[in-house]
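# Architecture and fold: a report
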Amino acid sequence: MPPIRPYAVAPDRLPAYVEALAAMLEGDGPALLPYADGDPEPAVPDDADLPDDLGLVVSTSGSTGAPKRAMLTRAALRASGTATHDRLGGDGMWLLALPAQHIAGTQVILRSLAARRAPLLLNMIDGFRTADLVDALAWAPPVRRYTSLVPTQLATVLDDPEATEALGTFDGVLVGGAATAPALLERARAAGVAVRTTYGMSETAGGCVYDGVPLEDTAVTIGDDGRVGLSGPTVASGYLGESDRTAAVFDTDPATGARRFWTDDVGELRDGVLHVVGRRDDLITTGGLKVAPRLVEEAALGLPGVRDAVAVATPHERWGQAVSLAVVASPEPTLEEVRAGLRELLPAYALPTRLLVLDAIPARGPGKPDRAAIAAMPGWQNQG
């Protein structure tokens, strides 16, 4: 049996993937390297240094260069599931509404399997539809139930009263993959939806910080440069076949002796709660001043009619970079209307000087905005 089996995950063949994950988790099958059906099969190096108990090799959704492939042991996957259920209040059945080849989707399946429950597999062949969410619950037994969504899915559900009522029957709804606007969370909670924000990545076996508070045995470190470090039993063993990249971002937390992963995010701890400002490489430097895109986005999402917002850097001849804002909004706003609405919420240097109105935000991975693609798009309104 090969130590690692590349596995093409297709939305119309998810039960087979569930079986493969069950065999892996019990030690009766090989470690799996999931990838989207239709993509080229990833190569597995013959001389890679593999950890004992390897269970899953999962690709990151990085925006630049070749994706890294994080190696997660069965013990790390089990620790993630146990800590998640402990935080949410007990084992339960999980509904899959995310692409299964990503860590967030795979973890939905693994948590359900760990609870000895068959996961509910949403019909995602034609994408996410709220009617399918409602239909799926018709088959759900009366047990604790959970799901994971990205913010755009949550917003779509809240626009459908029947789907909102269905989501309100869940004991926990994890929302992650991208920053979630406070207004969206308030709207969900007002509708009776038990939302919990999650923070984590492939290298931490998925979400390991819920509502800013680390899960059991997970610790958060803030480096001198503001970089967020995460340590604990869910941290990956490294990257498949890439010892240099592994050494650059993994070390040992001297306070706990646990394995630690240094993210590319900048954040701060306030009274033990993690607040992520944004990714280091997403920061916009305009006229020598740094602007965190998340602060601009959260402010923009409070404007009337704005459903989604992403702030990016675009080249500027004088300032180096311009604060540029892409929005999904109805009615379509003008740049001056947006600037006027944000003027009391942001410092002058953080006000967007370019605006792009889109029908939908381009995404990569499980709901993360494709900032590079957005920045390269034509049609920006410019400040006069």
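Quick summary incoming for the structure in this document. A quick note: this is a predicted structure, and the numbers were derived from the prediction, not measured. (Residues numbered from 1 in each chain as written. Predicted model: local features only at pLDDT ≥ 70, side-chain atom pairs only at ≥ 80, totals over all residues. Heavy atoms only, no water.)

Under the criterion given, the structure shown has 21 salt bridges. Close ionic contact of R307 with D159 constitutes a salt bridge, the shortest N to O distance being 2.6 Å. Taken together, the residues R307 in strand β20 (residues 306–316) and D159 in the loop between α5 (151–158) and α6 (161–167) connect sequence positions 148 residues apart. On the basis of relative accessibility, which here comes to 45%, the residue R307 falls in the partly exposed class. Using a relative accessible area of 42% as the deciding quantity, one classes D159 as partly exposed. With a shortest N-O distance of 2.9 Å, D251 and R260 are connected by a salt bridge. Given the relative accessible area of 8%, R260 is considered buried. Each member of the salt-bridge network shares a partner with another, and the members are D225, R227, D264, R279, R280 and D281. (Salt bridge = Lys/Arg side-chain N within 4 Å of Asp/Glu carboxyl O. Helix = DSSP H or I, 4+ residues; strand = E, 2+ residues; numbered from the N terminus. Buried < 20%, exposed > 50% of the residue type's maximum accessible area, 1.4 Å probe, protein only.)

The subject of this paragraph is the sheet that holds strand β9 (residues 195–201). Across a sheet, strands are paired by hydrogen bonds formed along the backbone, either parallel or antiparallel in direction. If you trace the seven strands from one edge of the open sheet to the other, you get β6-β5-β7-β8-β9-β10-β11, paired in mixed fashion. Of all the strands in the sheet, just β6 (120–121) and β11 (213–214) have a single pairing partner and so form its edges. Of the strand pairs in this sheet, strand β8 (residues 172–175) and β9 are connected by three bridges, and their pairing is parallel. Its bridge partner being in β9, L174 is matched across the sheet by R196. (Pairing = 2+ DSSP bridges.)

We now examine the pairing of strand β16 (residues 259–270). Sheet topology places strand β13 (residues 227–231) next to β16; four bridges connect them, and they run antiparallel. Looking at β16, one finds that R227 is bridged to V266. Relative to β16, strand β15 (residues 250–252) runs antiparallel, the two being bridged by three bridges. Bridge assignment links F250 to a residue of β16, and that residue is F261. Hairpin connection between β15 and β16: a loop of six residues separates the two successive antiparallel strands, and G257 in this loop has a positive phi of roughly 75°. With six bridges connecting them, β16 and strand β17 (residues 273–279) associate as antiparallel partners. Its bridge partner being in β17, L269 is matched across the sheet by L274. Where β16 folds back on β17, the antiparallel hairpin that results is connected by two residues, among which D271 adopts a positive phi of roughly 55°.

One open sheet holds the four strands; their spatial order is β20-β21-β22-β25, and the pairing between them is mixed. The sheet is open, and its two edges are formed by β20 and β25 (381–382), each paired on a single side.

Evaluated as defined, the whole model comprises four aromatic pairs. Plain terms: the ring middles of W94 and Y146 are 5.1 Å apart, the flat faces sit at 40° to each other, and that makes the pair tilted. With a gap of 52 residues between them, W94 in strand β5 (residues 93–96) and Y146 in strand β7 (residues 145–149) connect regions that are remote in the sequence. Across the pair, exposure class does not vary: W94 and Y146 are buried alike. Three or more aromatic residues joined by ring pairs make a cluster, and in this case those are Y239, F250 and F261. In this structure, R111 packs its charged tip against the face of W94, placed 4.9 Å from the ring centre. The ring of F170 carries R145 above its face, with NZ or CZ at 6.0 Å from the centroid. (Phe/Tyr/Trp six-rings, centres within 6.5 Å; stacked < 30°, edge-to-face > 60°. Lys NZ or Arg CZ within 6 Å of the ring centre and 35° of its normal.)

What is shown is where atoms sit, not what they do.
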